[in-house]
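# Structural characterization, general
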Amino acid sequence: MSASQSSQAYLQDSRNDNVQVYVNGEFVHRDNATVSIFDSGYVCGDGVWEGLRLVNGKLIALQRHLDRLFAGAAAIQLDIGHTRDEITAIMFKTLEVNGMTDGAHLRLMITRGRKRTPNQDPRFIIGGATVVCVAEYKVVDYEAKKRGLALFTSSYRTSTPDVFDLRLNSHSRLNLIQALLQALDAGADEALMLDPHGFVASCNSTNFFIVRNGELWTSNGLYCFNGITRQTLIELARQNGMTVYEKPFTLAEALTADEVFVTGTLAGITPVRKLDGRTFDVSQNPVTTQLAQWYQNYLNNI
């Protein structure tokens, strides 16, 4: 399987071969960065994470990412063991150690910590949370982005909050990986997923938008990721006078849309060229192009 058409595709950079990774207070070469096989994240995906983009020395939407991180940790009763300021300092120290000032992507991963034995019960934790921060040089592959993504509607549905709340940035992603594998087997790049009621929800790793008659449509947000780029784009569109609907809509309405695109931290806005065999002309997507310009202006002025 090639990752060149992934929604997370990026240009390879040899500088990443020697990055230093933060692991519980220490910096180690990426090849030597390890956590225990008894760690909660390894044992059962018990943890939360954030992915942040570095542009011109600034971590984009930092406070919103921190809000989501601490809200997610509180929801699963995970004691991060650090304040917001301390977590911020860890991220910027990771960037500093690696000499990164622009064009980087940072992944902060926090699990409940090491356990006495591999099981689900949080009472078997030894010590505090495991905190890992990985920074890499990552810029989007613009040629891949220009070509656009092919999506396949998966038979796997997004889950309800009482089963698995996608708005928590949980380490556990197995159902989303299953959806992606189904899409890859169908020759697509990413999976589109419906909600439990059969309406369009999101993709397996990105948020999904359509354009119909100059209007921007996205799901009601109940069964999709709490995407920070998603929310930023909604706000930018409304600030610039565009009509935006956050509402349930059908796969048929997506298939007959004028334009389709997805959003994510690394790539921002990526056009969709195909959905379940329906082709979209990514060279004729004026609304997507305008939205991308507004988003770039936002990045330039942070």
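The written sequence of each chain sets the order in which its residues are numbered from 1. Only residues with pLDDT of 70 or above have their local features reported here, since the model is predicted, and side-chain atom pairs are shown and tallied only from 80 upward, although totals for entire chains, interfaces and linings are computed over all residues. Values reported for side chains reflect all heavy atoms of the structure, with hydrogen atoms and water molecules removed beforehand.

## So, the pattern of salt bridges
We define a salt bridge as a side-chain nitrogen of Lys or Arg found within 4 Å of a carboxyl oxygen belonging to Asp or Glu. Applying the stated criterion across every chain yields a total of 13 salt bridges. The residue Arg15 makes a salt bridge to Asp13 at a minimum N-O spacing of 2.7 Å. Here's how the labels work: a residue is buried when its accessible area is under 20% of the maximum for its type, exposed when over 50%, partly exposed in between, all with a 1.4 Å probe on protein chains only. With relative accessibility at 22%, the residue Asp13 sits in the partly exposed group. Among the salt bridges present, the one from Asp189 reaches Arg273, with a minimum N-O distance of 3.8 Å. Remark: Arg273 occurs in strand S16 (residues 268–275) and Asp189 occurs in the loop between helix H5 (174–185) and strand S10 (190–194); sequence separation between them is 84 residues. A run of H or I in DSSP becomes a helix once it reaches four residues, and a run of E becomes a strand once it reaches two; helices and strands are each numbered from the N terminus.

## Structural notes on the packing of aromatic side chains
The aromatic pairing rule takes the rings of Phe, Tyr and Trp, using the six-membered ring of Trp, and pairs them if the centres are within 6.5 Å, calling planes under 30 degrees apart stacked, those over 60 edge-to-face and the rest tilted. One pass over the full model with this rule turns up five aromatic pairs. Their ring planes at 90° and their centres at 6.3 Å tell us that Trp217 and Tyr245 sit as a pair that is edge-to-face. With Trp217 in strand S13 (residues 215–218) and Tyr245 in strand S14 (residues 244–246), this pair connects stretches of sequence that are 28 residues apart. What makes Tyr245 partly exposed here is its relative accessible area of 33%.

## Focus: helix H8 (residues 286–300)
Helices are assigned an expected span. That span is 1.5 Å times one less than the residue count. In this model, H8 (15 residues) spans 21 Å end to end at C-alpha, consistent with the 21 Å of a helix rising 1.5 Å per residue. Listing the buried residues of H8 in full gives Val287, Thr288, Leu291, Trp294, Tyr295 and Leu299. Looking down the long axis of H8, one finds its buried residues gathered within 145° of arc, a one-sided arrangement. Residues of H8 that are buried sit in contact with strand S3 (47–55), strand S12 (207–212), S13, helix H6 (228–239), strand S15 (259–264) and S16. Within this analysis, the arc is defined by the directions that extend from the helix axis to the C-beta atoms. The contact criterion used throughout is that any non-hydrogen atoms of two residues lie within 4.5 Å.

## Comments concerning the sheet that holds strand S4 (residues 58–59)
Any two strands are treated as partners once DSSP identifies two or more bridges connecting them. Read from one edge of the open sheet, six strands run S2-S1-S8-S5-S3-S4, paired in antiparallel fashion. This sheet does not close on itself; its edge strands, each paired only once, are strand S2 (26–29) and S4. Two strands pair when backbone bridges link them, and S3 and S4 are joined in this way by two bridges, in the antiparallel orientation. Looking at S4, one finds that Val55 is bridged to Lys58. The strands touched by helix H2 (residues 62–75) are S3, S4 and strand S5 (104–111); relative to S3, the strand with the most contacts, the crossing angle is about 175°. Taken strand by strand, helix H3 (residues 84–97) contacts strand S1 (20–23), S2, S3, S4, S5 and strand S8 (130–137), and its axis lies near 40° from that of S8. To get an axis, fit a line to the C-alpha atoms, keeping to the stretch in contact for a helix; angles then go from 0 to 180 degrees between the N-to-C directions.

## Looking at the pairing of strand S11 (residues 200–203)
Pairing between S10 and S11: three bridges, direction antiparallel. Note that in S11 the partner of Leu194 across the bridge is Val200. Connecting S10 to the next strand, S11, in antiparallel fashion are five residues, including Gly198 with a positive phi near 90°.

## Observations concerning a nonpolar patch on the surface
Each patch is built from residues that are more than 30% exposed by relative accessible area and take part in no salt bridge. Like charges join if they lie within 9 Å; nonpolar side chains (Val, Leu, Ile, Met, Phe, Trp, Tyr) join within 5 Å. With residues, only the protein chains shown are counted as cover, and all accessible areas are computed by Shrake-Rupley using a 1.4 Å probe. Taken together, the side chains of Ile37, Phe38 and Tyr42 present a nonpolar region at the surface, about 360 Å² in accessible area. In this structure, Ile37 sits in the loop between S2 and helix H1 (40–44).

## Overview of the packing of H2 against H3
It is at 11 Å that the axes of H2 and H3 come closest, and there the two elements cross at 120°. Classified by the interaxial angle, the pair formed by H2 and H3 is oblique. Considering how the two elements wind past one another, H2 and H3 form a crossing that is right-handed. Across the interface between the two elements, Leu62, Gln63, Leu66, Asp67, Leu69 and Phe70 from H2 touch Arg84, Ile87, Thr88, Met91 and Phe92 from H3. For this scheme, ten residues count as nonpolar: Ala, Val, Leu, Ile, Met, Phe, Trp, Tyr, Cys and Pro. Four count as charged, namely Asp, Glu, Lys and Arg, and the remainder, Gly too, count as polar. Residue composition of the contact of H2 with H3, by class: seven nonpolar, two polar and two charged. An angle below 35 degrees is read as roughly parallel, one above 145 as roughly antiparallel, one from 65 to 115 as roughly perpendicular, and any other as oblique. Each crossing is labelled by how the near helix is turned from the far one, with a counterclockwise turn of less than a right angle marking it left-handed and a clockwise turn marking it right-handed.

## Examining the side chain of Asn285
Positionally, Asn285 belongs in the loop between strand S17 (278–279) and H8. Given a relative accessible area of 10%, Asn285 falls into the buried group. Engagement of the side chain of Asn285 in a polar contact is seen with the backbone oxygen of Val282, the distance being 3.3 Å. What qualifies as a polar contact is a pair of N or O atoms within 3.5 Å, subject to a donor-acceptor requirement within protein and to the restriction that residues adjacent in sequence count only when both atoms come from side chains.

## Quick look at the layout of surface pockets
Its volume calculated, the second largest pocket comes out at about 340 Å³. Only protein atoms enter the 1 Å grid, on which a cavity is a set of points fitting a 1.4 Å probe that cannot get out and a pocket is an open set with protein on both sides within 12 Å along at least 5 of 7 lines, lining residues being those with an atom within 4 Å of a point. If you go around the second largest pocket, you meet 18 residues; those closest to its centre are Tyr142, Lys145, Ile269, Pro271 and Ala292. Elements represented by at least two residues in the lining of the second largest pocket include exactly helix H4 (142–147), S16 and H8. Examining the composition of the lining of the second largest pocket, we find that six residues originate from one element, H8, more than from any other. Here the residues of the lining of the second largest pocket sort into ten nonpolar, five polar and three charged. Grid points are joined across faces, edges and corners, and a volume is the space filled by probe spheres set on the points.

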